[in-house]
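Coordinates in review
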Amino acid sequence: MTKTISLLGCTGSIGRQTLEVARELGLRVAALAAHSSVDLLEAQAREFHPRLAVLYDDDAADALRRRLCDTDIEVRSGAEGLLAAAQVEEADTVVTAVVGSVGLEPTLAAIRLGRRIALANKETLVCAGELVMAAAKQYGAQIVPVDSEHSAIFQCLQGCRDQREVKRLILTCSGGPFFGMTYAQLERMTPGDALKHPNWTMGAKITIDSATLMNKGLEVIEAMRLYSLPLDRVDTVIHRQSVIHSLVEFRDGAMLAQLGTPDMKLPIRYAMTWPQRAAAPEAPLDLLTCGALTFHAPDTEAFRCLAIARQCAAAGGTACAIMNAANEEAVWAFLRGETGFNGIHRTVESVLDKVAVKYQPSLADILEADRLAREAARAVLRR
Ligand code: NDP
Ligand code: MG
């Protein structure tokens, strides 16, 4: 069980909920890191007394340093600061809750020190899942998923001793705010419309990914890497109620599912306490009032991103890293009003046409693919 954490992305949706769990479980916090949220990081640092506080943005870090000058908390900035937070000596667990592929190198650094990784930052596994999982094996680092679907699968697999007994993983998907819409209707959707998720309150980027279904595509790749299964053994099903968080089908036809209210604190808490469980203050799911559970096939004609992600997963090499970087750029552009909703998948497709895929990539190849894809995406978005 976790005793001391380093929390990367502490001011975000997962980060704030992780600190609620830390408060509840009495965990110590050795390092806190975020991008530029000075006020919130100051408040968190005053409450949790980390040894190290990091803001990626230099000016924000300067401001934080001035604010915390009456404490003995060290303040650092930049990629180097984020790496230091990931490697802080006192932490046995690093919670990776930054958004985007910026999480990759700090995650790898923590893995090389054998830390437990409570992994929320799915972009890391999408870009470099094979390298990350190989490093985890080499350095004996446990990777415990925080993403609710992958936590559900992780929970269903406890006690499964032979991976060959798993026939298929089934990731559930809420369908997002635009479930049932046609491609033509999606064209008109604005950031305001897309930010209204039916069941979860999350950061802006993952909320848009949930509306395009790219999130489910990223999660298919995340599941393939975490559980080393081929693409044809990872399926998705639309389940509007977000009560079943995902399922495992075994070879004898048995299916195990994990159910619960849509509350990220459950998978966060489990990542901290695994292999044990801890009592939770929240009310559990009430089967008598949760209503009927429904299932539908995803519409990959209208929601192109899910189809694109599966194609990239099949292609392998740097295809997923290219797709992920293009998607990050396109999502932020959509949020700034610089492209339409369907412009997101069009940007990703266009970048995939322009940037060549490298096979059996090194970390340097993956970082370069990420850079080239962002450059290509910005050029496409400027047109
Ligand atoms: P948010 O946008 O709410 O938070 C992002 C966090 O990352 C903030 O703390 C932000 O700091 C920080 N950050 C961004 N860029 C950097 C950087 N360059 N260096 C350091 N910190 C940085 O995102 P979420 O919490 O929603 O998501 C975080 C990750 O977890 C994503 O990968 C997402 O896909 C995954 N996830 C989230 C779920 C959810 O329910 N929210 C569910 C499953 C997975 P600042 O505040 O200063 O900008
Ligand atoms: Mg999820």
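Residues numbered from 1 in each chain as written. Chains lettered and ligands numbered in written order. Predicted model: local features only at pLDDT ≥ 70, side-chain atom pairs only at ≥ 80, totals over all residues. Heavy atoms only, no water.

**Describing the coordination of the magnesium ion (ligand 2)**
Within the protein, Asp 147 (OD), Glu 149 (OE) and Glu 219 (OE) serve as the donor atoms for the magnesium ion (ligand 2), at 2.1 to 2.2 Å. Look at where the donors of the magnesium ion (ligand 2) fall in the sequence and you get D-x1-E-x69-E. One end of the pair, Asp 147, is in the loop between β7 (143–145) and α7 (148–156); the other, Glu 219, is in helix α11 (residues 214–226), with 72 residues separating them in the sequence. On the accessibility criterion, Asp 147 (8% relative accessible area) is buried. (Donors = N, O, S within 2.8 Å, 3.2 Å for Na, K, Ca; no water. Helix = DSSP H or I, 4+ residues; strand = E, 2+ residues; numbered from the N terminus. Buried < 20%, exposed > 50% of the residue type's maximum accessible area, 1.4 Å probe, protein only.)

**Describing the sheet that holds strand β10 (residues 244–250)**
One open sheet accounts for four strands, arranged β9-β8-β10-β11; its pairing is mixed. Here the strands that pair on one side only, and so sit at the sheet edges, are β9 (234–238) and β11 (255–259). Recorded for the sheet is a direction-independent mean angle of 20 degrees between the axes of neighbouring strands. Note: β10 against β11, five bridges, orientation antiparallel. Of the residues in β11, the one forming a bridge with Val 248 is Leu 256. (Pairing = 2+ DSSP bridges. Axes fitted to C-alpha atoms, helices over the stretch in contact; angles between N-to-C directions.)

**Let's talk about the sheet that holds strand β5 (residues 93–96)**
The seven strands are arranged β4-β3-β2-β1-β5-β6-β7 in an open sheet whose pairing can be described as parallel. Of all strands in the sheet, those bounded by a partner on one side alone are β4 (74–77) and β7. Within the sheet, the average angular offset between the axes of one strand and its neighbour, ignoring direction, is 20 degrees. Judged from the five bridges that link them, strand β1 (residues 4–8) and strand β2 (residues 28–34) form a sheet pairing that is parallel. Of the residues in β2, the one forming a bridge with Leu 7 is Leu 32.

**So, empty space enclosed by the protein**
Enumeration over the complete set of coordinates arrives at one cavity of 30 Å³ or more. Of the pockets and cavities examined, the largest cavity occupies roughly 60 Å³. Lining the largest cavity, in full, are Leu 186, Thr 212, Ala 302, Phe 303, Arg 304, Cys 305, Phe 341, Asn 342 and His 345. The set of elements that each furnish at least two residues to the lining of the largest cavity consists of α13 (304–315) and α15 (341–354). Residue contributions to the lining of the largest cavity peak at three residues, all from α15. (1 Å grid on protein atoms, 1.4 Å probe; cavity = no way out; pocket = protein on both sides within 12 Å on 5 of 7 lines; lining within 4 Å. Points joined across faces, edges and corners; volume = space filled by probe spheres on them.)

**A look at the site of ligand 1**
Taken together, 25 residues lie near ligand 1, and Thr 11, Ser 36, Ser 37, Glu 123 and Gly 203 sit nearest. Within the contact set of ligand 1, an oxygen atom lies 3.0 Å away from a backbone nitrogen or oxygen of Gly 12. Within the backbone of Ala 120, a nitrogen or oxygen atom sits 3.5 Å from an oxygen atom of ligand 1. For ligand 1, whose free accessible area comes to 900 Å², the fraction covered by protein is 89%. Contributions of two or more residues to the shell around ligand 1 are made by α1 (13–25) and α6 (122–139). Grouping the amino acids of the shell around ligand 1 by side-chain chemistry returns 13 nonpolar, nine polar and three charged. (Near = heavy atom within 4 Å. Polar contact = N/O pair within 3.5 Å; in protein donor to acceptor, adjacent residues only side chain to side chain. Areas by Shrake-Rupley, 256 points an atom, 1.4 Å probe, with all protein chains shown as cover. Nonpolar A, V, L, I, M, F, W, Y, C, P; charged D, E, K, R; others polar.)

**Observations concerning the layout of surface pockets**
Estimates place the volume of the second largest pocket at around 590 Å³. Counting residues per element, the ones that place at least two in the lining of the second largest pocket are α6, β7 and α11. Here the lining of the second largest pocket is built from residues that sort into 13 nonpolar, five polar and four charged.

**A closer look at the pairing of β5**
Here β5 shows a buried face lined by Thr 93 and Val 95 and a second buried face lined by Val 94 and Thr 96. Of the strand pairs in this sheet, β5 and strand β6 (residues 116–119) are connected by four bridges, and their pairing is parallel. The partner of Val 94 across the bridge, within β6, is Ile 117.

**What to know about the environment of Ala 278**
Secondary-structure assignment places Ala 278 in the loop between α12 (265–273) and α13. Owing to a relative accessible area of 32%, Ala 278 belongs among the partly exposed residues under this scheme. For the pair Ala 278 and Glu 24, spaced 254 residues apart in sequence, the C-alpha separation works out to 10.0 Å. Beyond its immediate chain neighbours, meaning those up to four positions away, Ala 278 contacts Leu 25, Arg 269 and Thr 273. (Contact = heavy atoms within 4.5 Å.)

**Topic: the pairing of β10**
Within β10, seven of the seven residues are buried, which leaves it mostly tucked inside the rest of the structure. As paired elements, strand β8 (residues 166–173) and β10 share four bridges and run antiparallel to each other. Bridge pairing links Arg 168 to Glu 249 in β10. Between the end of β10 and the start of β11, which pair antiparallel, lie four residues, with Gly 253 showing a positive phi angle near 95 degrees.

**A few points about the environment of His 35**
Topologically, His 35 is positioned in the loop between β2 and α2 (38–48). Taking the C-alpha atoms as reference, His 35 lies 14 Å from Ala 45; in sequence the two are ten residues apart. Aside from chain neighbours lying at most four places away, what touches His 35 is Leu 55, Tyr 56 and Asp 57. A distance of 2.9 Å separates a polar atom in the side chain of His 35 from a polar atom in the side chain of Ser 36.

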